[in-house]
Amino acid sequence: MRFQRRPRAILELIEGWSDGPPPRLPNGPPDPVELDGDVEQARRVLREATHPEPVKRAIAIVGRAGDERDAEALETLARHDEFSLVAGTALASVLGDPGTAWWRVCCVTTGWGKVEAVARLTAQRDLHPDARGWLLRHGCNDVVMPEYVAHAVATAGRLEDALDGLVDDALLDGACVILSALVNGGPAEDIDDYEPGPRVATTVLDLLGERAPTVVRMRAVAHLLTWAEDYEQHVAIAERCGRLLAREESRRFIATRLGRRDEVLRVWGVAEVMGLDAWEAGWRHLQTTPHDPRLYHHLGRSRRPDRRARLIAFAERALPLEELASGPEERPFPTGVHRNAALTLDSLVQRMRTGQWSEALVATALQSPVISTRNGALAALAAASPEDWGSPVLAALRRLAADEPAGDLRTQAEAQLARLAGS
């Protein structure tokens, strides 16, 4: 085996990860490692390699020839999305107990890694009651989209049976997350595929009537109301939801959260269902965080022209337009210190249309280094009359037609200039 120890091994990198997203793995060619199936060599690679591909090969060997001594290293590697699936499979092999192995992986993963791990845990037969309880309370937390796993969690965790006993707050909140995901629908099975769904919803709503409101609980009620209103057979569920949302305690709770910058986006949809003005609350928060793309996204959904005009005028003043218009490059995503401002510009230009037009923002987007932003600006031009573009946009478009590095975008820019010549 040819291998040289490096100071920043992947396992050491992941072991140092506490909060936030998994660390970015190194780019570049793999380490010059040759593995011949020797488990001791594979263990060394797990700790010393600096590239993911040799680590994956080492994990596979440890899974075939290792033992319980390797469990800690495999669990640590499973914390990164890149290794969650292969490390979990190896852990199941060395422990000889797939249910326990995937449960342990579920407990240390987030994001797509957790989606993979939960899917495999819920596929196991004869789950331990503690594993079922954990699934119901925590299985849908910290995943990219709970909709991917909610049905499997509810079914494998036996949600209806669990709600028939003593229901602690963690179980109730877990049930609320599951129900929200099921009625929202998505890429996997949803409420229509879950036969106990209406009964579970009724039980949860009855329990919520006796408990204090939380964000998770109020969101579940709002989601259930939106779903039930579309079905005549679920009118009783809709009425229960309406009563819960109309309570003074519930309205006061959501109004308070609208005033908190770290919670306003989480309760925005609930406030809209309640008839509370989330937009003005978001507008107040925007004054202190003027480059937050998530706030712009929510504020930009308003159908009121006066609010759209306020938002566009604010963006023209608040965004660093000169820095964002550094010239076309083949950059797929915004990066650097102006990343949030660039994401905001992209979001605003995607919704640009006649009657809600900003010459400054469109001209800036045409000179963005980010491909998707320039594409969005060209789409906005295509949907608007050339008479409405304005001289800054025309100047930026001419520069783009001359400098655009992507052939398809250059063709689009030339097509828009041709429209102008023909008008």
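Below, the structure is looked at part by part. Just so it is clear, the structure is predicted and the values come from calculations on it, not from any experiment.

### Description of a nonpolar patch on the surface
Part 1 of the reasoning: Judged by side-chain polarity, Trp-112, Val-144, Met-145 and Tyr-148 come together as a nonpolar surface patch covering roughly 340 Å² of accessible area.
Part 2 of the reasoning: Relative to the elements of secondary structure, Val-144 occurs in the loop between α8 (129-138) and α9 (150-156).

### Quick look at the nonpolar core
Part 1 of the reasoning: In terms of nonpolar packing, the biggest core is built from 129 residues, with Leu-319 and Leu-366 touching the most fellow members.
Part 2 of the reasoning: Broken down by element, this core gets its largest block of residues, ten residues, from helix α11 (residues 169-184).
Part 3 of the reasoning: Setting aside anything within four residues of it in sequence, one finds Leu-366 in contact with Arg-374, Ala-377, Leu-378, Leu-381, Val-393, Ala-396, Leu-397 and Leu-400.

### Structural notes on the side chain of Thr-76
Part 1 of the reasoning: By the secondary structure assignment, Thr-76 is in helix α4 (residues 71-78).
Part 2 of the reasoning: A polar contact is formed between the side chain of Thr-76 and the backbone oxygen of Glu-72, at a distance of 2.9 Å.

### Looking at unusual backbone geometry
Part 1 of the reasoning: Even without glycine at this site, Asp-142 takes up a positive phi of about 65 degrees.
Part 2 of the reasoning: Look at Asp-142 and you get exposed, because its relative accessible area is 55%.
Part 3 of the reasoning: With a phi close to 55 degrees, Arg-158 is a non-glycine residue in the positive phi region.
Part 4 of the reasoning: Inspection of the secondary structure puts Arg-158 in the loop between α9 and α10 (159-162).
Part 5 of the reasoning: Here Arg-158 falls in the partly exposed class, since its relative accessible area comes to 45%.

### Comments concerning the side chain of Gln-356
Part 1 of the reasoning: For Gln-356, the position within the fold is in the loop between α21 (339-350) and α22 (359-366).
Part 2 of the reasoning: Its relative accessible area of 10% is what places Gln-356 among the buried residues.
Part 3 of the reasoning: Engagement of the side chain of Gln-356 in a polar contact is seen with the backbone nitrogen of Ala-309, the distance being 3.5 Å.
Part 4 of the reasoning: In this view, Gln-356 contacts Pro-305, Arg-308, Ala-309 and Ile-312; residues no more than four positions away in its chain are not counted.

### Here's the deal with α22
Part 1 of the reasoning: For α22, the buried fraction is high: six of the eight residues fall into the buried class.
Part 2 of the reasoning: Contacts from the buried residues of α22 go to α19 (305-318), α20 (321-324), α21, α23 (371-383) and α24 (391-403).

### Digging into the packing of aromatic side chains
One pair of aromatic rings is described through two measures. These are the centre distance and the angle between the planes.
Part 1 of the reasoning: One pass over the structure, following the stated rule, counts four aromatic pairs.
Part 2 of the reasoning: For the pair Trp-283 and Phe-314, a centre-to-centre distance of 5.5 Å together with 65 degrees between the ring planes defines the contact as edge-to-face. Within this pair, whereas Trp-283 is found in helix α17 (residues 278-286), its partner Phe-314 is found in helix α19, the two being separated by 31 residues in sequence.
Part 3 of the reasoning: For Trp-283, a relative accessible area of 14% gives the class buried.
Part 4 of the reasoning: Among the aromatic residues, those joined into a ring-pair cluster are Trp-279, Trp-283 and Phe-314.
Part 5 of the reasoning: The cationic tip of Arg-310 hangs over the ring face of Trp-283; the distance from NZ or CZ to the ring centre is 4.6 Å.

How each quantity is defined
For every chain, the first residue of the written sequence is number 1, and numbering continues from 1 onward in sequence order. Local features are withheld for residues below a pLDDT of 70 in this predicted model, meaning they are given only at 70 or higher, and side-chain atom pairs are given and counted only at 80 or more; totals for whole chains, interfaces and linings count all residues. Note: side-chain values were computed over all heavy atoms of the structure, leaving out hydrogens and water. Candidates for patches are residues over 30% relative accessible area with no salt bridge; among them, like charges are joined within 9 Å and nonpolar side chains (Val, Leu, Ile, Met, Phe, Trp, Tyr) within 5 Å. In short, Shrake-Rupley with a 1.4 Å probe defines the accessible areas, and a residue's cover is counted only from the protein chains shown. One side-chain nitrogen of Lys or Arg within 4 Å of one carboxyl oxygen of Asp or Glu is enough to make a salt bridge. Secondary structure elements follow DSSP: runs of H or I no shorter than four residues count as helices, runs of E no shorter than two count as strands, and numbering proceeds from the N terminus. Residues grouped as a nonpolar core are buried Ala, Val, Leu, Ile, Met, Phe, Trp, Tyr and Cys residues, joined through side-chain atoms within 4.5 Å. Each residue is assigned to one of three classes by its accessible area relative to the maximum for its type, calculated with a 1.4 Å probe on protein chains only: buried under 20%, partly exposed between the two thresholds, exposed over 50%. Any two residues whose heavy atoms approach within 4.5 Å are treated as being in contact. Counted as a polar contact is a pair of N or O atoms within 3.5 Å, where, for protein atoms, one must be capable of donating a hydrogen and the other of accepting one, and residues adjacent in sequence contribute only when both atoms are in side chains. A pair of Phe, Tyr and Trp rings is counted when the ring centres sit within 6.5 Å of each other, with Trp represented by its six-membered ring. The angle between the planes then sorts it: under 30 degrees is stacked, over 60 is edge-to-face, the rest tilted. We count a charge as sitting over a ring when the NZ of a lysine or the CZ of an arginine lies within 6 Å of the ring centre and within 35 degrees of the ring normal.

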